[in-house]
Structure formats: structure tokens, C-alpha cells
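Structural characterization, general
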Amino acid sequence: MADLTAADKENINEVWCKIYANPEESGKTVVISLFTTYPQTKVYFKNFKNMDTLEEMQVHPGIQMHGKRVMGALNHVIENLNNWDVVSSALTDLAKRHQDVHEVEVNNFQLLFLVILSVFKEALGAQFTPGHRKSWEKLFSITYNFLDSQYTKSDSK
């Protein structure tokens, strides 16, 4: 997180305070957006892969639960932007679980990050400035590169 400037951290926190005010709804929106924008990602979710309609996704309790989990993980990263040891430990666990247990390819995190940026823009409109976006893109780039390194490390064992 050393690559994030004080201004980046401020931008990230400004957006996060607004989005994380309702983590269940925001998380549900992220998961539904992921599934509608990149339907191939549903294959990693045995309970969701046969859901075809937006209406089904809107009411499925598992989607809201997974969305809340995604938001919680992201919140943990944001709360610890100044403590790389905590973040790297959490991301290492996340990578291991997604690679070994869920068999999710690492590139799916990039898709998730793109969807999150889109959800932020849709939810905040002009309040999600180019500066905010750039800071979030930087955070997601750092996060993705770390996750990718963990996948690569695991592959070489």
C-alpha cells in the first residue's frame, strides 16, 4: 500500500464512506452486476449458476450474503490501508481459498474490480470523480498484482 499517496487514501475513504453505508445493498448490487456483465463468472457458484433473470438474483438470499462478504473483505483492506502486513495476510488467505477451494481463476478479480468501479460510478454519479477513480484503480492494481503473485506462488509448489 506504499504506492498509495495520502490523497489516494483520502479519495478511497471518501467513496467508501458513502458506499459502505449500506454494505448489504451495495454488495448485492456488485454481485448482480458481476453476473449480468460477466455471466461466465456464475459457474464458480453452484447455487447461482442456473439463475438467469435479474428478478431471481434480486431476491436470492445467497447473492446478498456473498455481496456482504465481498464488501466486508474490501472494508478490511480499506480499514488497513496503512498496515500492509494485515492486508497482505488477508489477501494471501483470500487467494489461497479462491484458488484451492473455489477454483476461481485470478483474472476474475479483475472483472470484479471493474464491476465495483462501475457500481461506484452508477451509485455516486458526479461525486465519483476522475481522481477518485484513479485512486481506486491504483488500489485495485496493487491488490490484483498481489493476488496474482499468490496464485503464481501456489502454482509453483
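Along every chain, residues carry numbers that run from 1 in the direction the sequence is written. Local features in this predicted model are restricted to residues whose pLDDT is 70 or higher, and side-chain atom pairs enter the listing and the counts only when it is 80 or higher, whereas totals over whole chains, interfaces and linings include all residues. Think of the side-chain values as coming from all heavy atoms in the structure, minus any hydrogens and water.

Some points on the side chain of Asn 11
Put simply, the rule reads: By definition, any uninterrupted DSSP run of H or I lasting at least four residues is a helix, any uninterrupted run of E lasting at least two residues is a strand, and each is numbered from the N terminus. Think of it in three bands: residues with accessible area under 20% of the maximum for their type are buried, residues over 50% are exposed, and the middle band is partly exposed, with areas taken using a 1.4 Å probe on protein chains only. Polar contacts, as counted here, are pairs of nitrogen or oxygen atoms within 3.5 Å of one another; within protein the pair requires one atom able to donate a hydrogen and one able to accept it, and residues that are adjacent in sequence qualify only if both atoms are side-chain atoms. Whether two residues are in contact is decided by their heavy atoms: any pair within 4.5 Å suffices.
By the element assignment, Asn 11 lies in helix H1 (residues 6-19). According to the relative accessible area criterion, Asn 11 is buried, its value standing at 18%. A polar contact of 3.0 Å, which involves the side chain of Asn 11, links it to the side chain of Ser 135. Apart from the residues within four sequence positions on either side, Asn 11 is in contact with Gly 131, His 132, Ser 135 and Trp 136.

Focus: the confidence of the model for the protein
Close inspection of predicted coordinates is inappropriate in any region flagged by low pLDDT. As a reminder of what qualifies: What pLDDT expresses is the predictor's confidence in each residue, scored from 0 to 100.
Per-residue confidence for the protein averages 93 on the pLDDT scale, and 97% of its residues sit at or above 70. Per-residue pLDDT, averaged within each element of the protein, yields its smallest value for helix H3 (residues 54-59) (90) and its largest for H1 (98).

Topic: the pattern of salt bridges
Formally: The working definition used for a salt bridge is a side-chain nitrogen of Lys or Arg within 4 Å of a carboxyl oxygen of Asp or Glu.
With the rule as written, the count across this model stands at 5 salt bridges. Notably, a salt bridge pairs Lys 96 with Asp 100, separated by 3.0 Å at the nearest N-O pair. Placement of the pair is Lys 96 and Asp 100 together in helix H5 (residues 84-101), with a separation of 4 residues, close to one helical turn. Classification of Asp 100 as partly exposed rests on a relative accessible area of 39%.

A few points about the layout of surface pockets
The condition that has to hold: Points on a 1 Å grid, built from protein atoms alone, make a cavity when a 1.4 Å probe fits but cannot get out and make a pocket when they are open with protein on both sides within 12 Å along at least 5 of 7 lines; residues with an atom within 4 Å of a point are the lining residues. Grid points are joined across faces, edges and corners, and a volume is the space filled by probe spheres set on the points.
Empty space within the largest pocket amounts to approximately 920 Å³. Surrounding the largest pocket, 38 residues form its lining, Phe 45, His 66, Val 70, Leu 94 and His 98 being those nearest its centre. Listed by contribution, the elements that provide at least two residues to the lining of the largest pocket are helix H2 (23-37), helix H4 (61-79), H5, helix H6 (107-124) and helix H7 (130-155). When residues in the lining of the largest pocket are grouped by element, the largest group, 9 residues, is from H4.

Focus on the packing of aromatic side chains
Defined as follows: Put simply, two rings from Phe, Tyr or Trp (the six-membered ring, in Trp's case) pair if the centres are within 6.5 Å, and we call them stacked under 30 degrees between planes, edge-to-face over 60, tilted for the rest.
Taken as a whole and judged by the stated rule, the model has 12 aromatic pairs. Centre to centre, the rings of Trp 16 and Tyr 20 are 5.0 Å apart; their planes meet at 20°, and the pair counts as stacked. Tyr 20 gets classed as partly exposed once you look at its relative accessible area, which sits at 26%. Taking the centre distance of 5.5 Å and the plane angle of 55° together, the rings of Trp 136 and Phe 140 count as tilted. In this pair, Trp 136 and Phe 140 both sit in helix H7, 4 residues apart, roughly one turn of the helix.

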